[in-house]
Amino acid sequence: MKKDNQKSAAHLFRVYLTCAIVFLSLAVFCFIFVLLLGTLIFIHPSFASYPVHWVSFYVSLVLLIVFLLLAFLFYWLLGKMRAEQASSSSNFAKPTFIYSTSLFLKTVKRLSGAKGKRGGEGIIACLNVKGLNGDILNFYGAEEVKAINSVVYDCINARFTDYSRYRFGFSLLNSFFIYSKSVDGEGFESQLRELSEDIVRRVAARGKIPSLTILYGACALKDAASPEEALNHAAFASKYNSMNRFSSAIVNFSRDQMSVSSDERELPADILLAIKEEQFQIFYQPKFSLHTNRFYGAEALVRWNHPTRGLLPPSFFIPFSERTGLIVDLDHYIYEHSLRDLSKWESEGERMVKLSINLSRRTVYDEGLLEFLSSQAERYGVEHKYIEIELTESLAARDTAFLFQLVSKIKEMRMQTSIDDFGVGYSSFNSLKKLPFDTLKIDKSFIDDIEVDKKSRDIVRAIISLAHSLGIWTIAEGVETERQVSLLRSMELDAVQGYYYSRPLNAFEFQRFLKNNPFEAPKEKGEQK
Ligand code: C2E
Ligand code: CA
Ligand code: CA
């Protein structure tokens, strides 16, 4: 029974192909017959005098048209099926045949005994991997999304092998649909729960993603006007689950969900609680000077050590925190905790290093920001010259006048400022001229292809030389290879940060890193080179 899903779809494909060929052959046969009769009728007037010959001629003509139309119909169906197959294959890491939602619904209708549109027995569940279209895609990339889809496909294909009871399909939005003919909710629910465990285990074994959440929504066919509606309701319930319940149980569709579906009430509570319980952990990524060939500083990067979901990357919670304003609390937390770490390391005999801390757009508009920055530095006894504030370029593009004031004030406090993600915004060069930043950080997207793309190399070279002419220190982020380092060195870049030298390290690992690597003491403003 295994791979029945595949077999049946392949079978359908063969049926369409056979029908197209048969009807085309019949059409050819009729065409020859029409041609023959027509010729005889026109050449031999005596032949034309028999009405039966005329009748045969017209019947064959009609049949020719009918067969041609049928051949085209099956050819069209074949093309449609091919297109659907092709587009779903591009969502998997390996060639995969899986029903598209329309084919899935067609087979569900047949299996469930739905009369016309209505009725039918059974239940449709929608499976979503949380963050696959968002956070996982952003953090781990499209290849990882395809790999996860393949794992999900393999797990479903291995489990739901009884073709007399189950069907499954895939929508291009990365949702899987599973139909079960029997409505004994319990049996199907426990199957789905075990399926989640399979998927989570297999994805974790790949070693890239530490935690994964599978979210289900479901709708029984009897609770919907049609199988299509049941499928939409199941998808909706799964989405509702991801926004509100975040439950590993299967959430059945109910109409009440419609009114609260976009409610984001629970996540803010989670984040505030996580701040209170110190679940956010700061990692430090070392920065390497190409002048002295020594490390001279680090960037603080936050991760959420979630009690049930493991270590979550910032893309899981920073965009949400920015939308809801919670980022201000989070940025304060990170600033305070990283200064605390720094002073602890110093008290344990480590040398001080320059620490870069990211501040988001919301945080910089917070009125008490400067007061907060200096009071915390004082509290932990960290000299201002060890602190660098990273501000994104998009901020500069929006409000240069405001940013000028802010950067100037930070400078007056003898802290440093850096313009982050340089090059991705649109008013880069303009803002650079006007704003007194100490450091310019070239965005990873340019570094990614400097080895292969001359244009990227030219841009990076131009950025570096412009920055230098303005007296600004330059650093590149996302440097991963030796060749990138040597190219950047030849362009007279000042410093690099990236996996080539070190990944972001947790506080414990970073302290060990400080012990084992020569660090250069930060210079006063303007003396970096
Ligand atoms: P960002 O400030 O541009 O940080 C650089 C990101 O690139 C970090 O991702 C870092 O881990 C990653 N990275 C560094 N070197 C390499 C490399 O060689 N290869 C690759 N592929 N990646 C590299 P991370 O930690 O996930 O942070 C993502 C973004 O989240 C940051 O981008 C920043 O915008 C935001 N973020 C992180 N921590 C904080 C924080 O404490 N506060 C605020 N407001 N935002 C933060
Ligand atoms: Ca940064
Ligand atoms: Ca960046």
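Keep in mind that this is a model prediction, so the values were computed, not measured.

Re the pairing of strand 11 (residues 387-392)
Most of strand 11 sits inside the fold, with 5 of its 6 residues counted as buried. Where strand 11 and strand 12 (residues 416-422) come together, 5 bridges link them in parallel fashion. Within strand 12, the position partnered with E390 by the bridge is S418.

Some remarks on the packing of aromatic side chains
A full pass over the atoms with the stated rule returns 34 aromatic pairs. Aromatic side chains W304 and F317 sit 5.7 Å apart centroid to centroid with 90° between the ring planes, which places their arrangement in the edge-to-face category. Placement of the pair is W304 in strand 8 (residues 294-306) and F317 in the loop between strand 9 (310-312) and helix 11 (318-324), with a sequence separation of 13 residues. The class for F317 is buried, based on a relative accessible area of 1%. Ring pairs connect the aromatic residues Y284, F288, F295, W345, Y500, Y501, F510, F513 and F519, which therefore count as one cluster. Positioned above the aromatic ring of Y499 is the side chain of R503, whose terminal nitrogen or guanidinium carbon lies 3.9 Å from the ring centre.

Describing the coordination of the calcium ion (ligand 2)
Under ideal tetrahedral coordination, the four donors around a metal are separated by 109.5 degrees; under ideal octahedral coordination, the six donors are separated by 90 or 180 degrees. In this structure, E299 (OE), N358 (OD1), E390 (OE) and D420 (OD) serve as the protein donors to the calcium ion (ligand 2), at separations of 2.2 to 2.3 Å. Each donor residue of the calcium ion (ligand 2) belongs to the same chain, and together they define the spacing E-x58-N-x31-E-x29-D. A spacing of 5.6 Å is found between the calcium ion (ligand 2) and the calcium ion (ligand 3). Linking E390 in strand 11 with D420 in strand 12, this pair joins segments that are 30 residues apart in sequence.

Some details on the coordination of the calcium ion (ligand 3)
The protein atoms that coordinate the calcium ion (ligand 3) are D421 (OD), D443 (OD), E477 (OE) and E477 (OE), at distances of 2.1 to 3.1 Å. Of note, the donors binding the calcium ion (ligand 3) are all from one chain and are spaced D-x21-D-x33-E. Residue D443 is classed as buried on the basis of its relative accessible area, which comes to 10%.

Description of helix 21 (residues 507-516)
Taken as a whole, helix 21 has its buried residues at F510, Q511, F513 and L514. The arc that holds the buried residues of helix 21, viewed along the axis, is 155°, so those residues lie on one side. Facing away from the buried side of helix 21, by more than 90 degrees, are the exposed residues F508, K515 and N516. On its buried side, helix 21 packs onto strand 7 (280-289), strand 8, helix 12 (327-347) and strand 16 (505-506).

Quick word on the site of ligand 1
By nearness alone, 22 residues border ligand 1, and Q285, R303, D331, E480 and Y499 come closest of all. A distance of 3.2 Å separates a nitrogen atom of ligand 1 from a polar backbone atom of V302. In this structure, an oxygen atom belonging to ligand 1 sits 3.3 Å away from a side-chain N or O atom of N358. Of all the elements in the fold, those that place two or more residues in the shell around ligand 1 are strand 8, helix 12 and strand 12. Counting residues per element, the shell around ligand 1 draws most heavily on strand 8, at 4 residues. For the shell around ligand 1, the residue count by class is 9 nonpolar, 5 polar and 8 charged.

Describing the environment of Q191
Within the element layout of this structure, Q191 appears in helix 7 (residues 185-206). Considering only alpha carbons, one finds Q191 and R159, 32 residues apart in sequence, at a separation of 8.1 Å. Excluding residues within four positions of it along the chain, Q191 makes contact with R159, F160 and Y166.

Reading the values: rules and limits
- Residues numbered from 1 in each chain as written.
- Chains lettered and ligands numbered in written order.
- Predicted model: local features only at pLDDT ≥ 70, side-chain atom pairs only at ≥ 80, totals over all residues.
- Heavy atoms only, no water.
- Buried < 20%, exposed > 50% of the residue type's maximum accessible area, 1.4 Å probe, protein only.
- Helix = DSSP H or I, 4+ residues; strand = E, 2+ residues; numbered from the N terminus.
- Pairing = 2+ DSSP bridges.
- Phe/Tyr/Trp six-rings, centres within 6.5 Å; stacked < 30°, edge-to-face > 60°.
- Lys NZ or Arg CZ within 6 Å of the ring centre and 35° of its normal.
- Donors = N, O, S within 2.8 Å, 3.2 Å for Na, K, Ca; no water.
- Arc of directions from axis to C-beta.
- Contact = heavy atoms within 4.5 Å.
- Near = heavy atom within 4 Å.
- Polar contact = N/O pair within 3.5 Å; in protein donor to acceptor, adjacent residues only side chain to side chain.
- Nonpolar A, V, L, I, M, F, W, Y, C, P; charged D, E, K, R; others polar.

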